[in-house]
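Structural features, examined
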Amino acid sequence: MPKNTTGLLRSLRSLFKNTNYVSEPLHAYIVLSDDAHQNEYITLRDARREYISGFSGSAGTAIVTDTKAAMWTDGRYFLQATAELDENWTLMKEGVPETPTKEEWLGKTLPMGAKIGFDPMTMKYSLWKTLQIELEKRNQTLIPVNSNLIDLIWEAQPLPPTGLVDPLPLKYTGVTCGTKVKNVRNKMFEKNATVYLITALDEIAWLLNVRGSDIPFNPVFFSYVIVTPNDVHFFIDDKKYTSVVQQHFNDENLTVTLHPYEKVQSFLSTLLASDIGQEGKTWITSSSSYAFASMVPEKQLLTDASPIAVMKSIKNEVETEGLINAHIKDAAALCCYFAWLEKEVASGNITEISGGEYLENCRRKQEDYVGPSFDVISASGSNGAIIHYKPKPETNRVITTNELYLCDSGGQYKDGTTDVTRTLHFGSPSQYERECFTRVFKGQAALKAALFPEKVKGNVLDTLARKFLWDVGLNYLHGTGHGIGAYLNVHEGPMGISWREYPDDPGLQVGMFLSNEPGYYEDGKFGIRLENIIRIIPGEPKYPSKTRYLTFADVTLVPIQTKLLLPNLLTKEEISYLNEYHELCREKVGRLLKEQGETEALSWLMRETEPIG
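Residues numbered from 1 in each chain as written. Predicted model: local features only at pLDDT ≥ 70, side-chain atom pairs only at ≥ 80, totals over all residues. Heavy atoms only, no water.

As a further point, take the sheet that holds strand β4 (residues 90–93). Within a beta sheet, neighbouring strands are joined by backbone hydrogen bonds and run either parallel or antiparallel to one another. Spatial strand order, β4-β3-β2-β1-β5-β6: six strands in an open sheet with mixed pairing. At either margin of the open sheet sits one strand with a lone partner, and together these are β4 and β6 (141–144). When the angles between neighbouring strand axes are averaged without regard to direction, this sheet yields 25°. Relative to β6, strand β5 (residues 115–118) runs parallel, the two sharing four bridges. Bridged to Gly-117 within β6 is Ile-143. Most of the contacts of helix α4 (residues 102–109) go to strand β2 (residues 61–65), to which it runs at about 5°, and overall it touches β1 (28–32), β2, β3 (69–73), β4 and β5. (Pairing = 2+ DSSP bridges. Helix = DSSP H or I, 4+ residues; strand = E, 2+ residues; numbered from the N terminus. Axes fitted to C-alpha atoms, helices over the stretch in contact; angles between N-to-C directions. Contact = heavy atoms within 4.5 Å.)

The next subject is empty space enclosed by the protein. Overall, the coordinates contain two cavities of 30 Å³ or more when judged by the stated rule. As a volume, the largest cavity reaches approximately 60 Å³. Tyr-29, Ile-30, Val-31, Leu-32, Asp-34, Arg-48, Asp-119, Thr-122 and Asn-148 together form the lining of the largest cavity. Of all the elements, β1 adds the most residues to the lining of the largest cavity, at four residues. For the lining of the largest cavity, a count of residues per class yields four nonpolar, two polar and three charged. Within this model, the second largest cavity holds a volume of roughly 50 Å³. Taken together, 13 residues line the second largest cavity, and the ones lying closest to its centre are Leu-168, Thr-173, Arg-211, Glu-319 and Ala-486. Looking at the lining of the second largest cavity, the elements that each hand over two or more residues are α7 (170–173) and α9 (201–208). Partitioned by chemical class, the residues of the lining of the second largest cavity number six nonpolar, two polar and five charged. (1 Å grid on protein atoms, 1.4 Å probe; cavity = no way out; pocket = protein on both sides within 12 Å on 5 of 7 lines; lining within 4 Å. Points joined across faces, edges and corners; volume = space filled by probe spheres on them. Nonpolar A, V, L, I, M, F, W, Y, C, P; charged D, E, K, R; others polar.)

Dropping the structure here:
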């Protein structure tokens, strides 16, 4: 049942004219999904958009005026938002041609000269620029409001997290933090930057070779880092910092100056006025908060894409081996789960929630396992059509032999992050379900087999995964591939594979890891998705070329259910690929299952990977 937001909206609107909190009266207020670090996943304390609207999806923007409330979200969440928003809200379906953009809607809804409030810490500088350029055409203005208005009306707002920060040893990272900072300074020198503010938490964790637990599913911690030619300034709650971390920095040849987390703006202001700040540019990426970018004079501001994002996306040899190893362990856990599920599902006692709990227990048995990399999507039948479905007691369905079951899950291991989706049927799937599944598989196989020039943008390859669905008038509304971290965020940029362009995509390069996840969904009926993590390796074109060519190698090694395939729709090349893939599953995962004494899972693996003709 949707949350009743009538009282909350009334309280929020009462602040629009309250000069104790706003510099001038507002006509509207924007509530973003982001926190001050623009994290995809956020703490309960920062879930302001969910609090005011009731919509719990990870992506969305709410705009509240004196009389209206509208929510923009993408195709992953259309069904979820429809179910969670009450009658006060209008759902704006992003990506649908007739849906107005946020700036178009504001222009038509509000009068000329309207003032639109926002929290400068939670709005990206790039978004502020986009909105402001369009709004100025109607003499409308974005007004920064330093006190977040949702915080002012939020009773019993959760407290911030207080987990400790831990070093990640060199055997997992492969490169010292001292070397990483040196590489960052080289990039700064190329851009004539003498001050570089880092706000993205995964970039800080990667740069310093430390991990935390402040954000659910992501091993990061609240902090800021400022790098100058001679110093590294680390802004963090001192309760999270221990002598172990200090020794780690000493061991990896990095001198760090500690500051309180909340002092970053005042320190930056002082630094900008100093000789160092005046000597060169101040690098604050356009994906950082407007609050920081607005502190720097325009001629001094450098908003280029983060060099750390690119460095982080190209895994070194240690990270590569770690990710490969993590996926073998994860595959063993999934084989244990699916073997158990196949045996137990006929009892009628296994639900989406209890199944997901069993899977978590399977992962906990694996070496270096830390926790899930996101909420498990355990979806039976019609729930599978909700792309980012999370089972709850009120939606929990029994997993049966009569419906498709979609399981999208992942784990955080100290040697890597995993993300894998499989769709299975434990009974007799219909001919139509098999055709849809087969076309999804064909798209996944086509993308994996792609041979392409180095530094091609990811969105160029997106059509390969959709072609076989498009051939019969089917499609899916999410992207095809995202980057993945090395014991970091499960969704990692700056590259990706999607019909949307990635503005900071540096082009695909050897060492990058991405997901390969086409799907198909029918509202109220079923969902199908197949997701493998793939890594970019050198390709071998038939003819010599001055251009370097690349291709993909599978990292995920979990069987694909062959009874859901229609062999007559498969080419010889696709059948050969599937058989070779399953042979690799047997070799790599079978060996581990045998070592672990998981005889039932091993038998299931061997049966599910029988070659097809």
